[in-house]
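Structure at a glance
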Amino acid sequence: MTRRANEQSADLAALDIRPHARGFGAAVLGVDLSRPLNERQIVGIRQAWLTHQVIYFPDQPMSHPQLDTFTRSFGDWGNDPYVAPIAGHEHILEIRREPHEKVSPFGGAWHSDWSFQPCPPSATILHAKEVPPVGGETWYADGYAAYEALPGSEQHRLEALTVIHSARRPYSHEGYQAGRGPERSMRILPSDKAYETQLHPLIRTHPETGRKALWVNAVYAIGIVDLPEEEARQLLKRLCDYATESQFIYRHRWSENMLTMWDNRSVQHCARGGYNGHRRIMHRTTVAGDPPR
Ligand code: SIN
């Protein structure tokens, strides 16, 4: 074996990847994310992320610059609107909920991050800074499995449909995240831009794995092209309910300093509550994506 091949297998072997039984989700051990990753580690992590869709690295204390460096190992920055970033770190959002807050958790309904954008982020990275002793899980739903479990005739029918996405429900001036300043410790930035719409296929083919996913979510999907409003509403509701049935879900439990990275092109997620009276703080970055096809 050449020295290069030796190094390569040593680095890949050093990543200890522990997939869940169904393959959706995996823990990744054997790497220190506070240090810049080498090319082979990046390839190994990327491969694990593409294969398992949600990967998590327990016990990884990281500073803001280290989180920035880790994120940029996987591509350009995503574009994160509607939430004020951490001062001095324009690409890190702080997802914070204080013990006294009564509003629902940020990201508390099923969604795929920023699916209303022309190129929604490929990855979201979430780093746990403070974790409540109960609740505060993040749940993930597998869009590949949801697509693959549909009968062939329904797959075929849905493949012809195009969904209208918009940020208006949460982030317009009338949106459910807007106007709750004093009740919420996060600073939400509602805007008229939230009324813009974007068309994306209902069945998305992943640009790297080639697999098809049912790609719809209840927060940002507001209609279906060429379907009457009520018919579209009913179909979206049925599909969103189906895509988040328990058979497709992984319930992720956090521990302090755990970093999780998921693939928005095949996964939707939702932040769970159940921790009133406790603080929860997460730091979030995104990696730029591609136009859904
Ligand atoms: C989000 O939707 O990005 C937040 C997820 C979480 O806080 O668990």
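Residues numbered from 1 in each chain as written. Predicted model: local features only at pLDDT ≥ 70, side-chain atom pairs only at ≥ 80, totals over all residues. Heavy atoms only, no water.

Here we take up the overall build of the protein chain. Scanning the protein chain for helices and strands turns up seven helices and 16 strands. Taken over C-alpha atoms, the radius of gyration comes to 19 Å for the protein chain, in line with the 19 Å a tight globule of 293 residues would show. Carbon and sulfur atoms make up 51% of the accessible area of the protein chain, which totals about 13,100 Å². Both charge centroids of the protein chain, one from 33 positive and one from 34 negative side chains, sit 2 Å from each other. (Helix = DSSP H or I, 4+ residues; strand = E, 2+ residues; numbered from the N terminus. Rg over C-alpha atoms; globule rule 2.2 N^0.38 Å. Areas by Shrake-Rupley, 256 points an atom, 1.4 Å probe, with all protein chains shown as cover. Lys, Arg positive; Asp, Glu negative; His and termini not counted. Charge placed at Lys NZ, Arg CZ, Asp CG, Glu CD.)

Spatially, three strands are ordered S9-S8-S12 in an open sheet, and the strand pairing comes out antiparallel. The sheet terminates laterally at strand S9 (197-201) and strand S12 (221-224), the two strands that pair on one side only. When the angles between neighbouring strand axes are averaged without regard to direction, this sheet yields 35°. Judged from the three bridges that link them, strand S8 (residues 162-166) and S12 form a sheet pairing that is antiparallel. (Pairing = 2+ DSSP bridges. Axes fitted to C-alpha atoms, helices over the stretch in contact; angles between N-to-C directions.)

In this section: empty space enclosed by the protein. One pass over the structure, following the stated rule, counts three cavities of 30 Å³ or more. Estimated volume of the largest cavity: approximately 110 Å³. Ile95, Phe106, Gly107, His111, Leu126, Thr138, Trp262, His269, Ala271, Arg280, Met282 and Arg284 together form the lining of the largest cavity. Among the secondary structure elements, those contributing two or more residues to the lining of the largest cavity are strand S15 (267-271) and strand S16 (280-287). Considering every element that reaches the lining of the largest cavity, the biggest residue donor is S16, with three residues. If you add up the space inside the second largest cavity, you get close to 90 Å³. When grouped by side-chain class, the residues that make up the lining of the second largest cavity number seven nonpolar, seven polar and one charged. (1 Å grid on protein atoms, 1.4 Å probe; cavity = no way out; pocket = protein on both sides within 12 Å on 5 of 7 lines; lining within 4 Å. Points joined across faces, edges and corners; volume = space filled by probe spheres on them. Nonpolar A, V, L, I, M, F, W, Y, C, P; charged D, E, K, R; others polar.)

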